[in-house]
Amino acid sequence: MAWQLLVRRAVYNYMAFIINKDTKVMVQGITGCQGKFHTAQMLEYGTEVVAGVTPGKGGRYINGVPVYNTVSEALLNHKIDATIIFVPAPGVKDAALEAMSRGIKTVVIITEHVPLHDELDIIAYARKTGISVIGPNTFGVIVPGQGKIGIMPHTIYKPGPVGIAARSGTLSYEIALNLTQAGFGQSAVIGLGGDRVVGLSFSDVLSIFETDPLTRAVVLVGEIGGNAEEDAAEFISKMNKPVVAFIAGKSAPRGKRMGHAGAIIEQGRGSFTSKVKILSSAGANVAELPWEIPNLVRELLN
Amino acid sequence: MAWQLLVRRAVYNYMAFIINKDTKVMVQGITGCQGKFHTAQMLEYGTEVVAGVTPGKGGRYINGVPVYNTVSEALLNHKIDATIIFVPAPGVKDAALEAMSRGIKTVVIITEHVPLHDELDIIAYARKTGISVIGPNTFGVIVPGQGKIGIMPHTIYKPGPVGIAARSGTLSYEIALNLTQAGFGQSAVIGLGGDRVVGLSFSDVLSIFETDPLTRAVVLVGEIGGNAEEDAAEFISKMNKPVVAFIAGKSAPRGKRMGHAGAIIEQGRGSFTSKVKILSSAGANVAELPWEIPNLVRELLN
Amino acid sequence: MKLYEYMGKELFKKCGIPVPVGKVYFSSDDIEELAARLENVVIKAQVLSGKRGKAGGIKFACTPKEAQKTAEKLLKVKINNNSVSAVLVEERLSIEKEYYAAITVDGTKKCPLLIVSASGGVDIEDVAEERVIKLPLDIHIGMQPYIAREAAWRIGMEKALIPQFTGMIIKMYQLFRNYDCELVEINPLAVCDGRLIAVDAKINVDDEARFRCPADLPVTEEITERERKARDLGISYVELDGDIAVIANGAGITMSTLDLISHYGGKPRNFMDVGGGATTGTMFNAIKILLSTGPKVILANFFGGITRCNEVAGAFAQVKDKIGFSMPVIVRLSGTNDEEGMRILERHNIKYYRSIDKAVIKAVGMAAAGEEGSI
Amino acid sequence: MKLYEYMGKELFKKCGIPVPVGKVYFSSDDIEELAARLENVVIKAQVLSGKRGKAGGIKFACTPKEAQKTAEKLLKVKINNNSVSAVLVEERLSIEKEYYAAITVDGTKKCPLLIVSASGGVDIEDVAEERVIKLPLDIHIGMQPYIAREAAWRIGMEKALIPQFTGMIIKMYQLFRNYDCELVEINPLAVCDGRLIAVDAKINVDDEARFRCPADLPVTEEITERERKARDLGISYVELDGDIAVIANGAGITMSTLDLISHYGGKPRNFMDVGGGATTGTMFNAIKILLSTGPKVILANFFGGITRCNEVAGAFAQVKDKIGFSMPVIVRLSGTNDEEGMRILERHNIKYYRSIDKAVIKAVGMAAAGEEGSI
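Residue numbering note: each chain is counted from 1, following its sequence as written. Note on labels: chains are lettered from A, ligands numbered from 1, in written order. Only residues with pLDDT of at least 70 get local features here, since the model is predicted, and only at 80 or more are side-chain atom pairs given and counted; chain-wide, interface and lining totals rely on the full set of residues. Computation of side-chain values: all heavy atoms of the structure, hydrogens and water removed.

## A closer look at the overall build of chain A
Operational definition: Only runs of H or I of at least four residues qualify as helices and only runs of E of at least two qualify as strands under DSSP, and these elements are numbered from the N terminus. Our radius of gyration is a C-alpha quantity, and the globule rule it is checked against amounts to 2.2 Å times the number of residues to the power 0.38. Buried residues are those whose accessible area, probed at 1.4 Å on protein chains only, stays under 20% of the maximum for their type, while exposed residues exceed 50% and partly exposed ones sit between those limits. Reported accessibility uses the Shrake-Rupley method at a 1.4 Å probe radius. Residues are deemed covered only where the shown protein chains occlude them.
Summing up its helical and strand segments, chain A has 11 helices and 14 strands in all. For 302 residues, the compact-globule estimate of 2.2 N^0.38 gives 19 Å, and the C-alpha radius of gyration of chain A, at 18 Å, lies within 12% of that figure. For the C-alpha atoms alone, the extent of chain A along its principal axes is close to 55 × 40 × 35 Å. The buried share among the 302 residues of chain A stands at 67%. For chain A, the exposed surface amounts to about 10,000 Å²; the carbon and sulfur share of it is 52%.

## Some thoughts on the interface of chain A and chain C
Frequently, the measure chosen for interface size is the accessible area that the parts lose on association. Applied cut-off: Note on contacts: a residue pair is in contact if any heavy atoms of the two residues lie within 4.5 Å. A simple way to read buried area is as the amount of 1.4 Å-probe accessible surface that goes missing from two parts once joined, with both sides added. The rule for a salt bridge is simple: a side-chain nitrogen of Lys or Arg has to be within 4 Å of a carboxyl oxygen of Asp or Glu. Residue type decides the class: Asp, Glu, Lys and Arg count as charged, Ala, Val, Leu, Ile, Met, Phe, Trp, Tyr, Cys and Pro as nonpolar, and the leftover types, Gly among them, as polar.
Tallying the contact residues gives 58 residues for chain A and 57 residues for chain C. Between chain A and chain C, roughly 4,500 Å² of surface is buried when both sides are summed, and carbon and sulfur atoms account for 57% of that area. For the interface between chain A and chain C, the tally reads 6 salt bridges. Measuring nitrogen to oxygen at the nearest pair gives 2.4 Å for the salt bridge that ties Arg 332 of chain C to Glu 174 of chain A. Those elements giving two or more residues to the side of chain A that touches chain C turn out to be α3 (33–45), α6 (116–129), α7 (169–181) and β13 (243–248) of chain A. Looking at the side of chain A that touches chain C, its residues break down into 30 nonpolar, 14 polar and 14 charged.

## Considering the sheet that holds strand β5 (residues 82–85) of chain A
Residues and elements named next belong to chain A. Quick reminder of the rule: When DSSP finds two or more bridges between a pair of strands, those strands are recorded as paired. Axis lines are fitted through C-alpha atoms, for helices just across the contact stretch, and the angle between N-to-C directions can take any value from 0 to 180 degrees.
Taken in spatial order, the 7 strands make up an open sheet running β3-β4-β2-β1-β5-β6-β7, and their pairing is mixed. Taken across any chain shown, the strands that pair with only one partner, and hence form the sheet edges, are β3 (61–62) and β7 (132–134). Bridge count for strand β2 (residues 48–53) against strand β4 (residues 65–68) is 2 bridges, and the pairing is parallel. Bridge assignment links Val 53 to a residue of β4, and that residue is Tyr 68. Across the sheet, helix α5 (residues 89–101) is in contact with β1 (24–28), β5, β6 (106–109) and β7; its angle to β6 comes to roughly 165 degrees.

## Quick notes on the pairing of β4 of chain A
A regular strand carries its side chains on alternate faces of the sheet. Where burial is concerned, the two faces of β4 of chain A agree: the one with Val 65 and Val 67 of chain A and the one with Pro 66 and Tyr 68 of chain A are both buried. Taking the residues that link successive antiparallel strands as the turn, the β3 of chain A-β4 of chain A hairpin has 2 residues, and the phi of Asn 63 of chain A there is positive, at about 55 degrees.

## Regarding the pattern of salt bridges
A pair can form between side chains of opposite charge whenever their charged atoms are brought close. Per the counting criterion, the structure on display carries 76 salt bridges over all chains. Taking the shortest distance from any N to any O, the salt bridge between Asp 121 of chain B and Arg 177 of chain D comes out at 2.8 Å. Taken together, the residues span two chains, with Asp 121 of chain B in helix α6 (residues 116–129) and Arg 177 of chain D in helix α5 (residues 162–178). Among the ionic pairs, Glu 150 of chain C bridges to Arg 154 of chain C, the shortest N-O distance being 3.9 Å. One end of the pair is Glu 150 of chain C and the other is Arg 154 of chain C, both in helix α4 (residues 145–154) and 4 residues apart, which spans about a single turn. Classification of Glu 150 of chain C as buried rests on a relative accessible area of 4%. Connected through salt bridges with shared partners, the residues Glu 5, Lys 9, Lys 44, Arg 52, Glu 90 and Asp 200 of chain C form a single ionic network.

Right, here's the structure in full:
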C-alpha cells in the first residue's frame, strides 16, 4: 500500500521521482568492471554521481568519485537521492537492503540473475519503507537531457514527447533509436527489468507518463511471459494519452525461458497472442515490427 | 515510524482512538473461561462486543455474541474496530497477526507469559501496518462512561479529569479507586502491560492525554525495570498538564524478576531511585505511598 | 529446475510432510521385494512433464510379479516424449478425499501465494476459479497458522484435519523459502483414514539460487549438452529446429530477432542471448556453440549498452582467425563502441549492417539460397 | 534462564561459531588427560554470576597435574556466593585483540539490538558510551551482512577479519531467534592467529518460550525448590529474608505491598504474585508454599479484576479447614466479587480489610509483637 501511495505521490512530482540535473546518485559495486565503466558513462552524460560503495575498497576514487566501505559512511559525507547497483547477484539483496534501510529513496538494480526469493525480499522491504525499486535486471532510467541512472547507450536518445517503458534493454534501445531517427525524442525511458518479480510495474510507469506534462505518447515494450502487459492493459483503458505497444516473443516456443527469467509461456498463460489481444482491446496500438513504431507514434501525435 | 505517525494522528482523534460508545469490539478466545467472563463484563459496561473468534468453535453464541472460526469470517458479518485477545500465550502471536493482517486497527492483548520474541514480531508488524497494540500482559483500556476493552473491575471508575497510564493492573485499580473515592473521576485508564516489550509506551499515552481536552491531570503508575519511565520523563518535561507518578518496587532486590517480565533491575539499570530522580527532575510529582496520589492530584488541579 | 516426484517426496519427508510408503527404482530389479511388503502398489513413471496419468505413466499392481513386470514396461516407454529413467513404487492408498495445496510466487502482487482447493487430483488450471482459494502472503511474517487455518475453513475442510493441514502448510512454506522454490505443489493432498498425505510432489527450484542451494538438493537436467555449455558460460540458450543460428544481447532483442526471422519466412536454429556485458572470451565460446549446431547462416544482432560492440566484433574476428566459418556470418552492430566494432569486422572481412531489418532479410535469403556469405 | 558458559559454547559449536578446544568436567577426574593434550590450559568455574574472573573463578595451569589440582580446588569454592558444580577446561589461547559482540532486545525501541565494541574483555557497562556501537535491527529482514559489516567498520576491525565477523554475527542472530534468547553475548570475541574465537559465551533464554524450546536446549535452575514449585503453579515467587509472607495478585500490587511493609518498618518474607485469574486450587497450593517458609504473619492483598475475590477467600477458607494456620492471616479484598469474598472470610473467621494501609499496619504490628492473629 505504501508502494501504491508512493507511486501516486510521484505523479505530482514527476521529475524528482525519476531523475533530474540535481539528483545525487550513488553507485554500489563501483569498483567492478561494469560499475567503473558505467560510472564514467553516467558522469559523461551529466549525472551527478557523488559516491560509490564497495565494502573493503573505501578510500579510493573511481573517475573522481570517492569510494566508501558502507552506505552509512557515504551518507555521512554526501546527500544521496538514488543508488544504482552493479554488485554480483548473490550480493544484490544485501546491497539493496543496505541502501534502503539507510534511507535512500530510489534504488536501480542493474544486476541480472538475482534469485527470485531475494527479489521478493527486496520488494517487500521497499513497500514497507515506501522506497522505489527499479529492476532487478533493468537497464535503468534515463530522462534525455537531464540525466541517467542506468547503462543505456545515451547517445541514441534526445529530449522529446515520447515516454518509453520496457521490460527489455537492447530492444528498447533499438526502438528509442528508431524514434530519435524519426524525429521523436523521449520524455523518459524506464526499464522495468526482465525478471518475474521487479519493482516498478508498467501501470506504475504509465501513471507517471499519463500525468507528466512533457509526455504526449507512450511506447510500451513488452514481451511474452507473466502478466505485466495484462496488468498494464487495465490502466491503458483509462488513459488519455495514446499508447503504442510492441511485444517480443511471437515465435517463442512454450515452456522455454527466453533469456529473461520472466519470459516464459507457462500453462498457456503469458502468450504473445493473449497479450496483443488484451492490449489492443484496451486501446493500445500494437506494432507488428519494431520499425513500425515511429510511424504509429507520428499518426497518433498528429 | 508508522507507529509514531499513528500516535501523532491519534492525538487529533482521541476518543475514536481509545474507545467510545460506538466502538465495535471483537473477542479472540471468547469461548475460554476468561474470554467468556470478561465478554459478559464488557457487555455489562455497555461495550459493543459484536463478535468472537475461536477456531473450531464457530457457530455458537457466547452471551449472545456470535462466534466465528476466523477473523475474516467475523469481518464478513460485522464492522470491527478493535479486538481483545484472551487466547493462551502460545497462540497470541497468531491471533494478533490474524487480527492485524485482516485490518483491525486496535489490538488489546490481555494474555500474560507471551514469549518475548513473539512480542517483537507482533509489534514489528503493528508498526508496519500502522496498528495500535496495547499490551501484552495488560488489563486493557477503559474510558469511564463510554466503554472498556479490558478486564478491569469497572465499578471502581467514574468519568472525570484524570488520565491514568499504568504498567501494572491491580495497582492501578487501587489507585483509580482511591481517586474515585476522593472525588476525582478518570478521562481514561490505559494499561501498557507488564512485559519487557509492549505496544503503547508511556510517552504515546501521555501525548494523547496532553491533547485530550477532557484530561486535566495525568497519573503515571510505573515500576522498576526497563526504561519506560525514563523515556516518559523526556515527554513529561515538555508537557503542560501536571503529572503525578508512582513507582512500585522500592524494596525489590536486584536481579530478580518481580512478577512482571519487565520488572527487573539489571546491571544497575531500571532502579527505583533512578526512576524517581529522573521523573522528579522532569517535573512529575512523585508520590511515595499510593494513597498520597489523590491529595497530589487535588493540589495540582487547584 | 523441476524436481522429479521422488526427489520432491524425499524433501517432504525431511521436512516432516507425510508421503506414502515407497521407494524409487532405476531398474525393475528388487521391486518384487517391496511390492510383497506393500501388497497393492502404484507404479509411477518419473518424468518432469505434467499430465503423466493421462499419458499412461501411472499403473497399479496387485501382486509382486505384476509390479515387477509393470515397472519393467514403464521403464522402456516414453511419456509425453520423455524417456522414463526411474519408477516410484508406492503403497496404494484408499483415498477418501483429495485436496490441492501449493505455494508459488505471484509476479503481479510480488509476493508468495498460497493456493488451495477442495478440487484436488486434477490440473489446478482446469478447476473453476471460484473453487480455488488464493491467499497472498507477507514475506515479513511468512506462513502463520491463521493463514492455513483460514484457507482450510474456506475450502470446507473437516475440522479434525485442520491442525494437520496447518502444520503441513507451514512446512511447505519453510521448504519454499529454504530451497528457493518457485513452486511447491501437493496435488492431490489426500485424506486417508483421517490422515493427510502428499500423494504427489511437484517442486520447481529457482535456477538463479543454485549457488546457495542446500547440499541435500538433488539436481535434474532437462537441458541438452549445448544448453548446459551455454549455462556454464552464463548465457541463455534454447535450441530450436531451424537453420539460422542467432546470437544477440538481451532477451528482448533476441526474441525480436527470432520473430523477424519468422516474419521474413526464415527458421531460427536457436535462441542465444549473451546478456549484458559479455566479454570477448565468453562470446568466442558462445559462437563455438553455434558452430556446433551446423546452421546454414549465423546471424548476430548486437545493440551495445552494457555490452560493447568492439568486443563483439573482436570475438567474431577471433573465431574467424582461429577456427574459421564454414557458413555465412552476418553481424549487426549498433550502440556502445559500434564504430570501432565495425572497423574490426571490416578488417576481418565479416559482413555487417547497422540496421536489423536488412541483416535479417539478408540472413533469411542466404539460408534459403544456401549461398556463400562473407567468407 | 541463564545458560552456563559450557552450555552456551555447545550451542555456539552447533551453530558454527568457533570456540576454544575444551571440555566440561563435573569432577576433577580425567582432567589430566585433556590437559596433557592441550599443554597450557585455562580452567573456568561454571557459575551463572558475572565478574567471575575478579572473584577468582578463572585459573591457568601449565602442567596436567597442576590443571587437575586447580580444578579440584575450584570445584570446592564458592564464586560470588554460588557453588561451582562444574569447570570448563580449555586450551589457553594467545589473544591478539579482544572485541565485544552481543544481540539483545531493546525494550524502548521494541526490536533486537546488535551491540559491538572494540573494547572487549571487560563488562560492557564499564566501557565508555562512545566506544559502544548499538545498531537496532528490523526483525522483518533480520540480521543482514551489511549490518554486521557496518558494525565491523565502525569499531575499526581489520578488513581481513570482516567476512568471518559477518558470518559469526549472522549465526548469533539465528541462535538468538531460534532459541528465543534475551541475550547472546560473546565477550571477549578474541582474535587469535587471524581467527575470531568466542572465548566466553553468555546466553539468556526467555522463560516464557520454554514450551517450544528446541530439544537440544539444556536447562539450568537458579531457583529454590519453593520457587520451582511456584513456577509449576504458574505463579511468580521470589524468596526474601523477612518474616511477613505476602501473597497478592499483580506484580505492581505485590511490589507495592512489599514497599508498604518496608515503609511501616516490617520485613517481607517473599514476593508472591499469583497473576491474573488464579483459581481456588492454584491459590490453595500457593498458600501452602507460604506456610512452608514459616513466616510470623501471612498478608494477602487482592484487588479483584481478572481474579475474583470470592475464589481468593475460598482458597484461604480451604487451607484453614484442611491444614489450619499456625500464624496470623490478614486478607485484604477489593474489586470483583469482593462482597462475596468477605462473607466467606467472615464465615471462616479470617481477618480481612478493605483498605491496604490498615492491613499492612496490622500485619507489621503483629509480626513485631509475635502476637496471635485471627486464628
